[in-house]
Amino acid sequence: EDPPPPPTSALPRQFTEEKFGQAEKTELDAHFENLLARADSTKNWTEKILRQTEVLLQPNPSARVEEFLYEKLDRKVPSRVTNGELLAQYMAEAASELGPSTPYGECAARRPRGGGPLLFLTPLRDFLEGDWKTISKERRLLHNRRLDLDACKARLKKAKAAEAKATTVPDFQETRPRNYILSASASAVSAEQELRVAQTEFDRQAEVTRLLLEGISSTHVNHLRCLHEFVKSQTTYYAQCYRHMLDLQKQLGRCGRRFPGTFVGTTEPASPPLSSTSPTTAAATMPVVPSVAGLAPPGEAALCLEEVAPPASGTRKARVLYDYEAADSSELALLADELITVYSLPGMDPDWLIGERGNKKGKVPVTYLELLS
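Keep in mind it's a predicted model, so treat the numbers as computed, not measured.

**Here's the deal with the overall build of the protein chain**
- Per the secondary structure count, the protein chain includes ten helices and five strands.
- Expressed as a percentage of the 373 residues in the protein chain, the buried residues total 34%.
- Pairs at least 24 apart in sequence give 69% of the contacts found in the protein chain among residues at least 6 apart.

**Remarks on the sheet that holds strand 3 (residues 352-357)**
- Taking strand neighbours across the sheet as the criterion, the five strands line up as 4-3-2-1-5 in an open arrangement whose pairing is antiparallel. Strands with a single pairing partner mark the edges of an open sheet, and in this sheet they are strand 4 (360-365) and strand 5 (369-371). Adjacent strand axes in the sheet meet at a mean angle of 40 degrees when their direction is disregarded.
- In the sheet, strand 1 (residues 316-320) pairs with strand 2 (residues 339-343) via four bridges, with the strands oriented antiparallel. Bridge pairing in strand 2 links Ala 318 to Ile 340.

**Things to note about the pairing of strand 1**
- As defined by bridge partners, strand 1 adjoins strand 5 across three bridges and the pair is classed as antiparallel. Each residue of the ladder has a partner; that of Ala 318, found in strand 5, is Leu 371.

**Let's talk about helix 2 (residues 30-57)**
- Under the 1.5 Å per step criterion, the end-to-end length of helix 2 is 40 Å for 28 residues, consistent within 8% with the ideal 40 Å.
- The backbone nitrogen of His 31 has a side-chain oxygen 3.1 Å away, supplied by the residue at the start of helix 2, namely Asp 29.

**Looking at the packing of aromatic side chains**
- Evaluation of the coordinates by the stated rule reveals six aromatic pairs.
- With a centroid separation of 5.6 Å and an interplanar angle of 85 degrees, the aromatic rings of Tyr 322 and Tyr 368 are classed as edge-to-face. Here Tyr 322 is found in the loop between strand 1 and strand 2, whereas its partner Tyr 368 is found in the loop between strand 4 and strand 5, with 46 residues between them in sequence.
- Overall, the relative accessible area of 2% leaves Tyr 368 in the buried class.
- Aromatic side chains Tyr 324 and Trp 352 sit 6.4 Å apart centroid to centroid with 70 degrees between the ring planes, which places their arrangement in the edge-to-face category. On the criterion of sequence distance, the pair formed by Tyr 324 in the loop between strand 1 and strand 2 and Trp 352 in strand 3 is long-range, its members being 28 residues apart. Each of the two residues, Tyr 324 as well as Trp 352, counts as buried.
- Over the ring of Trp 45 we find Lys 48; its NZ or CZ atom is 4.6 Å from the centre of that ring.

**Notes on unusual backbone geometry**
- Located in the positive-phi region is Asp 337, a residue other than glycine, with phi close to 75 degrees.
- Among the structural elements, Asp 337 can be located in the loop between strand 1 and strand 2.

What counts, and where the lines are drawn
- Residues numbered from 1 in each chain as written.
- Predicted model: local features only at pLDDT ≥ 70, side-chain atom pairs only at ≥ 80, totals over all residues.
- Heavy atoms only, no water.
- Helix = DSSP H or I, 4+ residues; strand = E, 2+ residues; numbered from the N terminus.
- Buried < 20%, exposed > 50% of the residue type's maximum accessible area, 1.4 Å probe, protein only.
- Contact = heavy atoms within 4.5 Å.
- Pairing = 2+ DSSP bridges.
- Axes fitted to C-alpha atoms, helices over the stretch in contact; angles between N-to-C directions.
- Expected span 1.5 Å × (residues − 1).
- Polar contact = N/O pair within 3.5 Å; in protein donor to acceptor, adjacent residues only side chain to side chain.
- Phe/Tyr/Trp six-rings, centres within 6.5 Å; stacked < 30°, edge-to-face > 60°.
- Lys NZ or Arg CZ within 6 Å of the ring centre and 35° of its normal.

Rendered as C-alpha cells:
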C-alpha cells in the first residue's frame, strides 16, 4: 500500500523555506526553463497585440467595454454603425432628400466594408482563454508536485540523519530505548517510499506540462497564418475603398461639368501610393516621349492620342494589379494580371502613364501597375 501523501501544511512551509534559502529546490532542466520563458513571452505579447488591435478596430473605449461584457455573458453583440457607415448614411439621405437635380443628389456615397478582423482576433482570444488557462493550470500543478518532492527529500534527509545518529552514536544508544531506534529506521524507510511516489508524480506532471509547452510552436504558426489572412483581407478592403473613392471622384467630376462653378481646379483622380513603386519614382524612371507639337499638358486639354508615338527604345512592361474602368476615351481600361507597355509624356502627371495594349492606347494610373524590369 502506498504511503499517504505529505500533509498540505508541508507545502507552504517548503515554499517559505525556499524563499529564505533554508531549503533545497529541485531545478528544472534548461530546455524546460526555455519552454516556460517562451510560453510567458507568448502570453504577454498576445495580450498586448490583442488589446492594441481591439483599440485600432474599435477606438471607442465604451464600445470595447460593452463588447467585452456581451462576450462574457455569451450574448450576441448588437450591430453598431461605424463612423464611416454613418457618414455614408448621411450622404445617401442628403442625396435622397435634396433630389437628383442637385450636386448632392447626383453623387451617391459608397460603403466599402472591412473584412477579416475576427480571423485575427479569434485565435488570440482562443489562446488566452483556452490553451493558456490549461497551461497555467498544469504549471501550478507541477509547482505543487515539485514542492511535494522537495518536502519529501527534506524529510528523508532528516530521517536518515536521525537513523544514523541512533545507530552509530554510543551515548545516544544508551540514553534511548531500542524501540526508538527501530522507529527511526522505520521513518527512514517510510520517507524513502514517499519520495519515490513524489518523484513519480513529479515526473508524470513534468511530462504533461512539457508537451503543452511544446505545443506553443503550433500556436505561433496558427497566429501567423491568421495574421496573413487578416492582412490579406485588409488589403482587399482598402483596395476596395480606393476604387470607390476613384468612382466617387469621377462622379463628382461629372457633377462639376453638369453644375459649372461647383468645383475649383482639376477633378483628375489622384492616386495614393498603393504599389511598391511610388508614382513619382515610377514616372522618373519611365522613358519620356519627345514633345508633340500642339499637345497641351494633361488636364488643360484633351489628350491627342493619335499624335503620341512610343519612344524608339526604353519602353517598359507592366503587370496590371487591379481591374480599371476607363473614365473617358483618353484612358485605357485594364484587366487584372494582363501585361501592357507603358511610357511617360513631358509634363505629365506623375500619377499617370501612357499604356498600350495592341492597337489601343490611353492613360493608366500608376498605382494599378507593377512595373517590370
